[in-house]
Structures are given as C-alpha cells and as structure tokens.
Amino acid sequence: MTQPQSDSRALRNALGRFATGIAIVTAIDPDGHPIGLTVNSFSAVSLDPALVLWCLDNNSHNLEAFRRASHHAINILADNQQDLSNRFATWPADRFAGLPWHAGIGGAPVFPGCCATFEVANETQHAGGDHIIFVGRVERFGERVDLAPLLFHAGQYRTLADKD
Ligand SMILES: Cc1cc2nc3c(=O)[nH]c(=O)nc-3n(C[C@H](O)[C@H](O)[C@H](O)COP(=O)(O)O)c2cc1C
C-alpha cells in the first residue's frame with residue numbers, strides 16, 4: 001500500500017485518486033494570440049478576497065505568456081466537452097482554430113457551454129517545484145446550473161452518476 005516517495009509513477013497514481021473537475025485556462029499572449037491549456041490543478045483559495053489557483057508546468061510552451069498576461073480565464077468544462085479537453089492537452093498548434101469564444105477581461109478567451117467561468121487578474125505567482133502556482137483574483141464569474149461537470153479520476157474522464 002505505501003510506496004517510497006521517489007516512485008513518481010506510484011505518486012502520480014495515488015494523486016490521481018483525488019477526483020477533480022477539468023478546466024481550460026486561457027489568456028492572450030503579448031502578440032495578441034489566444035493561448036490555453038487543459039488543467040485539473042484548479043482550486044478555490046479564498047472567498048474574501050476572492051482568490052483561486054492553478055498550476056502550470058515549468059516546461060509549458062506558454063509559461064512566459066501566462067506570467068506576463070494581466071488576466072486569465074478559467075473555463076470549467078461540462079461533461080460534453082471532453083473533445084475540448086483533449087484538444088487543449090494535446091494539439092501542438094492553433095488550439096483555438098474553428099472554436100467559438102469571446103474575449104473576457106484582459107482579452108482572455110471565454111468559451112460558451114462551460115459549467116462555470118472565472119475571469120481573474122494575474123495576482124501572484126509562486127515557485128512550486130516543477131510547476132508554477134498562479135494565484136488569481138476573481139473579477140467576474142458565471143455559472144450554468146443546468147450543466148453537469150466533466151470529471152477526472154484515476155487517469156480517466158468520468159461523469160457524475162448523480163446529476164441532481
Ligand atoms: C486531465 C488533464 C489535466 C492536466 N492538468 C494540468 C495542470 O494542472 N497543469 C499543467 O501544466 N498541465 C496539465 N495538463 C497537461 C497539459 O494540458 C498539456 O501538457 C498541454 O499540452 C500543455 O500545453 P502548453 O505546453 O502549450 O502549455 C493536464 C492534462 C490533462 C489531460
């Protein structure tokens with residue numbers, strides 16, 4: 001049951017037992033192009049002030065662009081948006097091609113059909129090992145109570161059995 005801490009595959013598997021939602025975090029790069037990636041490291045931090053966090057791999061192609069962006073948007077995916085999750089986790093180039101979106105605060109792309117969206121000011125960044133922790137202040141948010149979330153557990157997409 002217990003594993004040595006250095007066994008990273010085992011650690012990844014154990015961490016994967018924590019069920020999460022899935023979000024696409026977006027922003028506008030310094031050239032005005034939309035950027036974004038799929039994450040499950042999103043978490044609420046504080047209600048007053050309204051703060052949320054997510055973690056970005058130090059090897060991300062868009063590390064500098066996210067660091068410099070004034071704002072980003074956190075799009076919480078619905079259970080019919082698995083294709084969007086795969087696209088923003090794997091496509092090497094123009095992930096936004098052919099997709100509907102509108103510019104939120106600071107230009108950060110907001111997608112239609114998500115369970116919730118948080119438009120946040122890029123407030124602080126913290127070193128977190130092989131990731132950077134972005135803490136954002138929520139400036140605008142919305143939710144769709146009629147939509148069920150896309151979930152991630154043990155390396156697989158899941159949906160809620162109980163949708164009430
Ligand atoms: C379910 C899921 C959750 C993920 N969570 C994160 C995350 O929290 N942080 C991260 O940096 N990458 C995460 N990734 C991986 C990125 O989406 C993927 O590496 C992406 O290609 C990074 O794009 P970029 O290099 O253009 O930033 C996740 C992928 C999946 C499928």
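Remember, it's a predicted structure, so these values are computed and weren't measured experimentally.

Calculation notes
Residues numbered from 1 in each chain as written. Predicted model: local features only at pLDDT ≥ 70, side-chain atom pairs only at ≥ 80, totals over all residues. Heavy atoms only, no water. Helix = DSSP H or I, 4+ residues; strand = E, 2+ residues; numbered from the N terminus. Buried < 20%, exposed > 50% of the residue type's maximum accessible area, 1.4 Å probe, protein only. Contact = heavy atoms within 4.5 Å. Areas by Shrake-Rupley, 256 points an atom, 1.4 Å probe, with all protein chains shown as cover. Lys, Arg positive; Asp, Glu negative; His and termini not counted. Charge placed at Lys NZ, Arg CZ, Asp CG, Glu CD. 1 Å grid on protein atoms, 1.4 Å probe; cavity = no way out; pocket = protein on both sides within 12 Å on 5 of 7 lines; lining within 4 Å. Points joined across faces, edges and corners; volume = space filled by probe spheres on them. Nonpolar A, V, L, I, M, F, W, Y, C, P; charged D, E, K, R; others polar. Phe/Tyr/Trp six-rings, centres within 6.5 Å; stacked < 30°, edge-to-face > 60°. Pairing = 2+ DSSP bridges. Near = heavy atom within 4 Å. Polar contact = N/O pair within 3.5 Å; in protein donor to acceptor, adjacent residues only side chain to side chain. Sits in = over half its atoms within 2 Å of the grid points.

Novice: Tell me about the overall build of the chain, and name the residues and values.
Specialist: When you go through the chain residue by residue, the secondary structure sums to 3 helices and 12 strands. With the C-alpha coordinates of the chain rotated into their principal frame, the extents come out at 50 × 40 × 40 Å. Counting across all 164 residues of the chain, residues that qualify as buried make up 37%. Across the chain, every contact between residues at least 6 apart in sequence was considered, and the portion connecting residues at least 24 apart equals 63%. Total accessible area on the chain stands at roughly 9,800 Å², and carbon and sulfur atoms take up 52% of it. Of the charged side chains in the chain, 12 are positive and 17 negative, and the gap between their average positions amounts to 5 Å.

Novice: Lay out the layout of surface pockets with the relevant residues and their values.
Specialist: Looking at the largest pocket, its volume works out to about 1,700 Å³. Lining the largest pocket are 47 residues, and of these Thr38, Val39, Asn40, Ser41 and His131 lie nearest its centre. Broken down by secondary-structure element, the contributors of at least two residues to the lining of the largest pocket are helix H1 (8–15), strand E1 (20–21), strand E3 (34–39), strand E5 (51–57), helix H3 (82–90), strand E10 (131–143) and strand E12 (156–159). If one sorts the elements of the lining of the largest pocket by residue count, E3 sits on top with 6 residues. Taken together, the residues of the lining of the largest pocket sort by class into 24 nonpolar, 17 polar and 6 charged.

Novice: How would you explain the packing of aromatic side chains if you had to name every residue and give the values?
Specialist: One pass over the full model with this rule turns up 10 aromatic pairs. Geometrically, the ring pair formed by Trp54 and Phe66 is edge-to-face, given 5.1 Å between the ring centres and 70° between the ring planes. Placement of Trp54 in strand E5 and of Phe66 in helix H2 (residues 63–68) is noted, with a sequence separation of 12 residues between them. As far as burial versus exposure is concerned, Trp54 and Phe66 are alike and both buried.

Novice: Can you lay out the sheet that holds strand E11 (residues 150–153) for me, pointing to particular residues and giving the numbers?
Specialist: In a beta sheet, neighbouring strands are held together by backbone hydrogen bonds and run either parallel or antiparallel to one another. Pairing within the open sheet is antiparallel, and its 3 strands lie in the order E1-E11-E12. Because the sheet does not close on itself, it has two edges, and the strands there are E1 and E12. The pairing of E11 with E12 spans 4 bridges and is antiparallel. In the sheet register, Leu150 faces E12, and the bridge partner there is Thr159.

Novice: Could you give me a rundown of the site of the ligand, with the residues and numbers involved?
Specialist: Near the ligand lie 16 residues; those nearest to it are Thr38, Ser41, Ser60, His61 and Ala89. Ser41 is positioned such that a nitrogen or oxygen atom in its side chain is 2.6 Å from an oxygen atom of the ligand. Asn62 is positioned with one of its side-chain polar atoms (N or O) 3.4 Å from an oxygen atom of the ligand. Coverage of the ligand by the protein amounts to 78% of the 650 Å² it exposes when considered alone. When atom positions are compared with the pocket grids, the ligand is found to occupy the largest pocket. Those elements that place two or more of their residues in the shell around the ligand are E3, E5 and H3. Taken together, the residues that form the shell around the ligand break down as 8 nonpolar, 6 polar and 2 charged.

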